[in-house]
Amino acid sequence: MNTAEVKKIWEEIKQDLKTKIPAHEYEPWIAPLEAVSFEDNQFTIISGQSFGVEYIKRKLYKIILECFKNYFSKEIIINIEFDKNLADKIKKDKQKLEKKLQKEHQAEEEHKKSIENLSYVKSLNINLRYRFENFVEDENNRIAKAAAQSVAQNPTAKYNPLYIQGGSGLGKTHLMQAIGHYITMNGNLKVQCIKTEDFINDYVNSTAFIPNKNTTSAMNKFRNKYRNVDILLIDDIQFIENKKKCIDELFNTFDTLYNANKQIVLTSDKLPKDLPEIPKRLRTRFEQGLIVEIQPPKFETRVQILKNFSHEKGIENISDEVFEYIAKYYKDNVRELEGAFTKVNAYSDIEETKITLEYAKKVLKCEENFSRPTIDKIIDIVAEYYEISSDDIKSTSRVQNISYARAIACFIAREKLQTSYENIANSLNKRHQTVMYAADKIKKLIKTDKKINSDVNKIIKKIGF
Ligand code: ADP
Ligand code: MG
């Protein structure tokens, strides 16, 4: 009889045995037995437990014989033998099972921990989107990313503080929060992640005089929050400029943490040397670790960022040319790059239209919007026309011909760029009311003064509107 048939018979007899032998005996001794042959009226069963063989022979042999007799309707000789190979196999299986269980247990524990950590990360105001894995790397941000990862994996070991500098929307907050995220998910170190504005507000609230308020206790609470941590992450540190009292507090916080060998990470849109309002003692502390700069991403990186972004939002089947079109124009700010894609997507939802290259062009009108002269170009050409310098226009000079040219620039920028007074004011280093007043003055003058009217028209032509 072949082995498969033998095994089949044994399985059937085992079913019978199961009903006749109590489970506490069946499970340890009978269940693991294996049938190997049935020849010359002899049925051979092997066991991997030598003690099991003894036990069966002594206590269960009779029942086994009976079951065989019922099955075959005749007397059968039963050999039960100890088998070393089976014993080894059982041992190995047991070890495997134990390992598997251990792994499962470990995975369960890790899962539990990661859920606990996740809610903890959320409570830290860390955006869960901001991770190293989804920060697209290229040569313009590689050093910053590597330094951030090194700090995350090994706080205080090398770069303390880590100072991340870069223009708006280039991923400073993303990298900084990725450090917080990583540390929280992979260890027990205490992280505090804050915006500089919140630090300032917190400080002001703690020190503000309110009748019956216990200022000492409020201050202790404040200090505990920022000093009793392993990693302090402060975003947009440039906002601390001109906040003298906060600067002192930050300075002390910095020293307390640094001396206790705690990690500090700062981000800023300016390098420490370009923050003249920050006292030297604090600036040199910013500079004593590592400063890394992030430059705008390259074209391929921008395309990849858009692809990931759309995938993350569950928007699939968008052709590469759409991503490439957006990436071609939005070069300097990833937030705006993502914003442009979000806009196209929102319009396509509302208008129930598929996103194609044509559709993206229709919504964003990049060709038109990006070829428009900039405020700087307007300033340059107005300055040239009146034979002064562009810096004169941006200066605070009140010399008549300069403030006159400046007013013309404000008027043209406002009329032709349809941009906010705020924007124009920023480019001119002026207040927004000043720009509004100047533009308004010229608007009235061109109606009455032919010379001004013709000058303005000539300039507008020169600019290329
Ligand atoms: P910043 O703090 O420098 O102003 P953020 O960190 O807020 O910029 O980034 C703006 C947006 O751009 C975020 O959604 C961020 O995830 C994304 N972003 C920036 N750089 C990258 C990059 N290299 N890879 C992926 N996403 C990026
Ligand atoms: Mg930011």
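Here the structure is shown first, and the text comes after it.
Residues numbered from 1 in each chain as written. Chains lettered and ligands numbered in written order. Predicted model: local features only at pLDDT ≥ 70, side-chain atom pairs only at ≥ 80, totals over all residues. Heavy atoms only, no water.

On to the sheet that holds strand β7 (residues 263-268). In spatial order, the strands read β5-β6-β7-β4-β8; together these five strands make up an open sheet with parallel pairing. Bordering the open sheet on either side are β5 (191-195) and β8 (290-294), each of which pairs with just one other strand. Taking the axes of each pair of neighbouring strands and ignoring which way they run, one obtains an average angle of 15 degrees across the sheet. In this structure, strand β4 (residues 162-166) lies alongside β8, joined through five bridges in parallel fashion. Across the sheet, residue Y163 finds its bridge partner in β8, namely I291. Set on the sheet, helix α7 (residues 196-207) makes contact with β5 and β6 (231-235); between it and β5 the angle comes to about 90 degrees. Relative to the sheet, helix α9 (residues 244-259) contacts β6 and β7, its axis offset from that of β7 by approximately 140 degrees. (Pairing = 2+ DSSP bridges. Helix = DSSP H or I, 4+ residues; strand = E, 2+ residues; numbered from the N terminus. Axes fitted to C-alpha atoms, helices over the stretch in contact; angles between N-to-C directions. Contact = heavy atoms within 4.5 Å.)

Read from one edge to the other, the open sheet built from three strands follows the order β1-β2-β3, with strand pairing classed as mixed. Strands at the two margins of the open sheet, each flanked by one partner only, are β1 (34-39) and β3 (77-82). Mean inter-strand twist for the sheet, computed between neighbouring axes without regard to direction, equals 20 degrees. Contacts from helix α1 (residues 3-20) reach β1 and β2 (42-47), with the element oriented near 115 degrees to β1.

Turning next to the pairing of β7. Judged by how many residues are buried, β7 sits mostly within the fold: six of six residues are covered. Every second residue of β7 is oriented toward a common face, with Q263, V265 and T267 on one face and I264, L266 and S268 on the other, all of them buried. Judged from the four bridges that link them, β4 and β7 form a sheet pairing that is parallel. For Q165, the partnering residue across the bridge sits in β7 and is S268. In this fold, β6 hands off to α9, which returns the chain to β7; that crossover is right-handed. (Buried < 20%, exposed > 50% of the residue type's maximum accessible area, 1.4 Å probe, protein only. Right-handed = clockwise from strand over helix to strand, strands pointing away.)

Take the site of ligand 1 next. Neighbouring ligand 1 are 18 residues; V136, G169, T173, H174 and R335 lie closest to it. At 2.8 Å from a nitrogen atom of ligand 1 is found a main-chain nitrogen or oxygen belonging to V136. With respect to ligand 1, the side chain of K172 contributes an N or O atom lying 2.8 Å from an oxygen atom. Alone, ligand 1 offers 560 Å² of accessible surface; in the complex the protein occludes 94% of this. Looking at the shell around ligand 1, the elements with two or more residues in it are α6 (172-186) and α13 (334-350). For the shell around ligand 1, a count of residues per class yields six nonpolar, eight polar and four charged. (Near = heavy atom within 4 Å. Polar contact = N/O pair within 3.5 Å; in protein donor to acceptor, adjacent residues only side chain to side chain. Areas by Shrake-Rupley, 256 points an atom, 1.4 Å probe, with all protein chains shown as cover. Nonpolar A, V, L, I, M, F, W, Y, C, P; charged D, E, K, R; others polar.)

A few words now on the nonpolar core. In this structure, I378, V382, I393, I408, I412, V456 and I459 are the most contacted members of the largest nonpolar core, which totals 33 residues. Listed by contribution, the elements that provide at least two residues to this core are α16 (375-385), α18 (400-417), α19 (421-428), α20 (432-448) and α21 (450-463). One finds F309, I318, F323 and L364 within the second-largest nonpolar core, a separate group that totals 26 residues. (Core = buried A, V, L, I, M, F, W, Y, C linked by side-chain atoms within 4.5 Å.)

Viewed as axis vectors pointing N to C, helix α2 (residues 23-30) and helix α3 (residues 50-72) meet at an angle of 125 degrees, and their least axial separation amounts to 11 Å. The angle between the axes of α2 and α3 places the two elements in the oblique class. Crossing hand, α2 versus α3: left-handed. Residues E25, W29 and I30 of α2 pack against F51, G52, Y55, I56, K59, L60 and I64 of α3. (Parallel < 35°, antiparallel > 145°, perpendicular 65-115°, else oblique. Left-handed = near helix turned anticlockwise from the far one by under 90°.)

Further remarks concern the packing of aromatic side chains. Going through the model one piece at a time under the given rule, you end up with 24 aromatic pairs. For the ring pair Y163 and F286, a centre distance of 5.8 Å and an interplane angle of 45 degrees mean the geometry is tilted. Linking Y163 in strand β4 with F286 in helix α10 (residues 280-287), this pair joins segments that are 123 residues apart in sequence. Here the two residues Y163 and F286 agree in accessibility, since each one is buried. Judged by centre distance (6.4 Å) and plane angle (55 degrees), the rings of F254 and F286 are tilted. Here F254, found in helix α9, pairs with F286, found in helix α10; they are 32 residues apart in sequence, far enough to count as distant. Judged by its relative accessible area of 0%, F286 is buried. Following the ring pairs from residue to residue traces out a cluster consisting of W10, F38, F43, F68, Y71 and F72. (Phe/Tyr/Trp six-rings, centres within 6.5 Å; stacked < 30°, edge-to-face > 60°.)

Next up on the list: the pattern of salt bridges. Under the criterion given, the structure shown has 28 salt bridges. Between D16 and K20 there is a salt bridge, with the nearest N and O atoms lying 3.0 Å from each other. Here K20 and D16 lie together in helix α1, a separation of four residues that amounts to about one turn. (Salt bridge = Lys/Arg side-chain N within 4 Å of Asp/Glu carboxyl O.)

Now for unusual backbone geometry. Note the cis peptide between N160 and P161, where omega equals 0 degrees. Along the polypeptide, P161 turns up in the loop between α5 (142-153) and β4. The phi dihedral of N41 is positive, around 65 degrees, even though this residue is not glycine. By secondary structure assignment, the location of N41 is in the loop between β1 and β2. For D236, which is not a glycine, the phi torsion comes out positive at approximately 55 degrees. Position of D236 among the secondary structure elements: in the loop between β6 and α9.

Relative to the elements of secondary structure, T196 occurs in helix α7. What makes T196 buried here is its relative accessible area of 1%. Among the polar contacts listed, one links the side chain of T196 to the backbone oxygen of D236, at a separation of 3.0 Å. In terms of polar contacts, T196 uses its side chain to reach the backbone amide nitrogen of I237, at 3.4 Å. Once residues lying within four places of it in the same chain are set aside, the contact partners of T196 are I234, D235, D236, I237, F239 and I240.

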